[in-house]
Structures are given as structure tokens and as C-alpha cells.
Amino acid sequence: MIWSIIFTVILVALSLKIHGLTLNYLSQNTAKKFIYKDFVKISACLIGSHLVQIILFAFYYFMSYQTNPDQNLFGGNLSGNFLDFFYYSINCYTTLGTGDIFANGPMRIATGLEALIGLVLIAWTATFKLSYLFKNKN
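Residues numbered from 1 in each chain as written. Predicted model: local features only at pLDDT ≥ 70, side-chain atom pairs only at ≥ 80, totals over all residues. Heavy atoms only, no water.

S.K.: If you had to explain the overall build of the chain to someone new, which residues and values would you point to?
M.R.: On a plain count of helices and strands, the chain comes out with four helices and two strands. Considered along the principal axes of its C-alpha atoms, the chain spans approximately 60 × 25 × 20 Å. Taken across its 138 residues, the chain has 38% of its residues classed as buried. In the chain, 72% of the contacts between residues at least 6 apart in sequence involve partners at least 24 apart. Carbon and sulfur atoms form 69% of the exposed surface of the chain, whose accessible area is close to 7900 Å². Averaging the positions of the 9 positive and the 5 negative side-chain charges in the chain gives two centres separated by 25 Å. (Helix = DSSP H or I, 4+ residues; strand = E, 2+ residues; numbered from the N terminus. Buried < 20%, exposed > 50% of the residue type's maximum accessible area, 1.4 Å probe, protein only. Contact = heavy atoms within 4.5 Å. Areas by Shrake-Rupley, 256 points an atom, 1.4 Å probe, with all protein chains shown as cover. Lys, Arg positive; Asp, Glu negative; His and termini not counted. Charge placed at Lys NZ, Arg CZ, Asp CG, Glu CD.)

As C-alpha cells, then:
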């Protein structure tokens, strides 16, 4: 249980760092007035940042499942391949929560924190994109 919390905190910190570095890069490497090409660049970089974070959590879920098969960490419609955990991580990160795959035991903490960090970082993305659009209206 304690290792699950430690790894989850590390993943949350990595997610914040990755997203912060992406936003810092974009703020320094985009024009001060609206350019459609820059807006596409912003969108692509931020989607890529979110995907990296989703993959990190998916890898953690996959490795936890593979190394602890007897602990019943996940249930539902699960075959145990990486794509299942990638799909599950997308559901958690976006707070979609379809429920066909679900966490048990200590993984519930990790998935709950992934949902929280996903919500915060998606809001941060929206704020950044809106500030770029509004700043350039002048």
C-alpha cells in the first residue's frame, strides 16, 4: 500500500513537471500576436503532454498488474495487455469513468489521484489556450 502511494505521488509530480515544462516552452516559443500555426502548435504540444502523462500512469498500472497478479488490483473487462491499461488511464485522466475496468485495493488511490491531476491539468491547458487567444485580441 505504501509503495502505491509513493509511486502515485511520483507520477503526480512528474505530470506537473512535464506539463509545466511544456507550458513554459510554449510561452517562450509562440508569437505575441495570434498566429494560427502557433495555435496548432500549442494544441499539439499540450495534447502530447497529456498523452505522455496518460502513458506514464498506464505503464504504472500495467507493471503493477504484471508484477502482482495474485493481488487482484484490477477487475472488469480486462485482458491484461498494455492497451487495456492505456484505455483505463485515459478514462481516469479525463474523469470519464466508464466503469468497464475498475481498480481494487491500493490502485484506487492511484486512479483517484490520476483523475484529480487530469482534471487540474486539463483546466490548466484550457486556461493557457484561452489566455493566448484573449491576450492576442488587443
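S.K.: If you had to explain the packing of helix α2 (residues 36–67) against helix α3 (residues 82–93) to someone new, which residues and values would you point to?
M.R.: For any two helices packed against each other, the geometry is given by the interaxial angle and the distance between the axes. Contact geometry for α2 and α3: axes closest at 8 Å, N-to-C directions at 125°. By the angle between their directions, the pair α2 and α3 is classed as oblique. Read as a crossing pair, α2 and α3 show a hand that is right-handed. Two secondary-structure elements touch here, α2 through His-50, Leu-51, Gln-53, Ile-54, Ile-55, Phe-57, Ala-58, Phe-59, Tyr-61, Phe-62 and Tyr-65 and α3 through Phe-82, Phe-85, Phe-86, Tyr-88, Ser-89, Ile-90 and Tyr-93. Among the residues making up the contact of α2 with α3, the classes are represented as 15 nonpolar, three polar and no charged. (Axes fitted to C-alpha atoms, helices over the stretch in contact; angles between N-to-C directions. Parallel < 35°, antiparallel > 145°, perpendicular 65-115°, else oblique. Left-handed = near helix turned anticlockwise from the far one by under 90°. Nonpolar A, V, L, I, M, F, W, Y, C, P; charged D, E, K, R; others polar.)

S.K.: Summarise the side chain of Thr-22; cite the residues concerned and give the values.
M.R.: Relative to the helices and strands, Thr-22 is located in helix α1 (residues 2–28). Thr-22 gets classed as buried once you look at its relative accessible area, which sits at 15%. If near-sequence neighbours (up to four positions away) are discounted, Thr-22 is found in contact with Cys-45, Leu-46 and Ser-49.

S.K.: Provide a residue-level description of the nonpolar core, including the pertinent values.
M.R.: Counting residues in each nonpolar core, the largest one holds 21 residues, and the members touching the most others are Phe-57, Tyr-60, Tyr-61, Phe-74, Phe-85, Tyr-88 and Met-107. Elements represented by at least two residues in this core include exactly α1, α2, α3, β2 (101–103) and α4 (107–135). The leading source of residues in this core is α2, at six residues. The contacts of Met-107, once residues within four sequence positions are left out, are Ser-4, Tyr-60, Tyr-61, Ser-64, Leu-73 and Phe-74. By size, the runner-up hydrophobic cluster in this structure holds seven residues, among which are Leu-26, Phe-39, Leu-46 and Tyr-132. (Core = buried A, V, L, I, M, F, W, Y, C linked by side-chain atoms within 4.5 Å.)

S.K.: I'd like to hear about the environment of Ile-54, residue by residue, with values.
M.R.: Secondary-structure assignment places Ile-54 in helix α2. Owing to a relative accessible area of 5%, Ile-54 belongs among the buried residues under this scheme. As for Ile-54 and Ile-117, which are separated by 63 residues in sequence, their C-alpha atoms are 11 Å apart. In this view, Ile-54 contacts Phe-86, Ser-89, Ile-90, Tyr-93 and Glu-114; residues no more than four positions away in its chain are not counted.

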